[in-house]
Amino acid sequence: MTETLPPVGIDVFDVERLLLTEAAEPPLPPQDAAARDRVWDMAVKANPTLFDGPVVACGELERTGQACFAFRGCV
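Residues numbered from 1 in each chain as written. Predicted model: local features only at pLDDT ≥ 70, side-chain atom pairs only at ≥ 80, totals over all residues. Heavy atoms only, no water.

*Asks:* Help me understand the overall build of the chain in this model?
*Replies:* Along its length, the chain carries 1 helix and 3 strands. Mapped in sequence order, the helices and strands of the chain form the string β-α-β-β. Taking all 75 residues of the chain together, 12% fall into the buried category. Of the contacts formed within the chain by residues at least 6 apart in sequence, a portion of 50% connects residues at least 24 apart. A total accessible area of about 6,600 Å² is found for the chain, and carbon and sulfur atoms account for 57% of it. (Helix = DSSP H or I, 4+ residues; strand = E, 2+ residues; numbered from the N terminus. Buried < 20%, exposed > 50% of the residue type's maximum accessible area, 1.4 Å probe, protein only. Contact = heavy atoms within 4.5 Å. Areas by Shrake-Rupley, 256 points an atom, 1.4 Å probe, with all protein chains shown as cover.)

*Asks:* Looking at this model, I keep getting lost on the pattern of salt bridges. Mind explaining?
*Replies:* Where charged atoms of side chains with opposite charge meet at close range, the side chains can pair. Within the structure shown, the criterion is met by 1 salt bridge. Note that Asp-37 is salt-bridged to Arg-36, the shortest N-O span being 3.0 Å. According to the relative accessible area criterion, Arg-36 is partly exposed, its value standing at 43%. (Salt bridge = Lys/Arg side-chain N within 4 Å of Asp/Glu carboxyl O.)

*Asks:* Is there a simple way to explain the confidence of the model for the chain in this structure?
*Replies:* Considering every residue of the chain, the mean pLDDT works out to 75; 75% of them sit at 70 or more. Ranking the elements of the chain by mean pLDDT puts strand E3 (residues 68-74) last, at 67, and helix H1 (residues 30-46) first, at 90. (pLDDT = per-residue confidence, 0-100.)

*Asks:* Please clarify how the environment of Arg-63 should be interpreted in this entry.
*Replies:* Locating Arg-63 in the fold gives a position in strand E2 (residues 57-65). Taking relative accessible area as the criterion, Arg-63 reaches 53% and is therefore assigned exposed. Through-space distance from the C-alpha of Arg-63 to that of Val-15 is 9.9 Å; in sequence the pair is 48 residues apart.

Structure follows, in structure tokens:
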């Protein structure tokens, strides 16, 4: 069985300063963790040179000024 991965979009912000703060990893139910691992394995099989790191999950993105964003995520 072949599974197609959904398209992925990336937002790029024009900022002068980016404040990164590490946060605790959000809880993930076992079935979601298994799905994440399955999709990651498929992506690596499709592209063995895929670079994940660090993989960041966004917990919060906050604009703190005209050209400054504060990012809270887990690494």
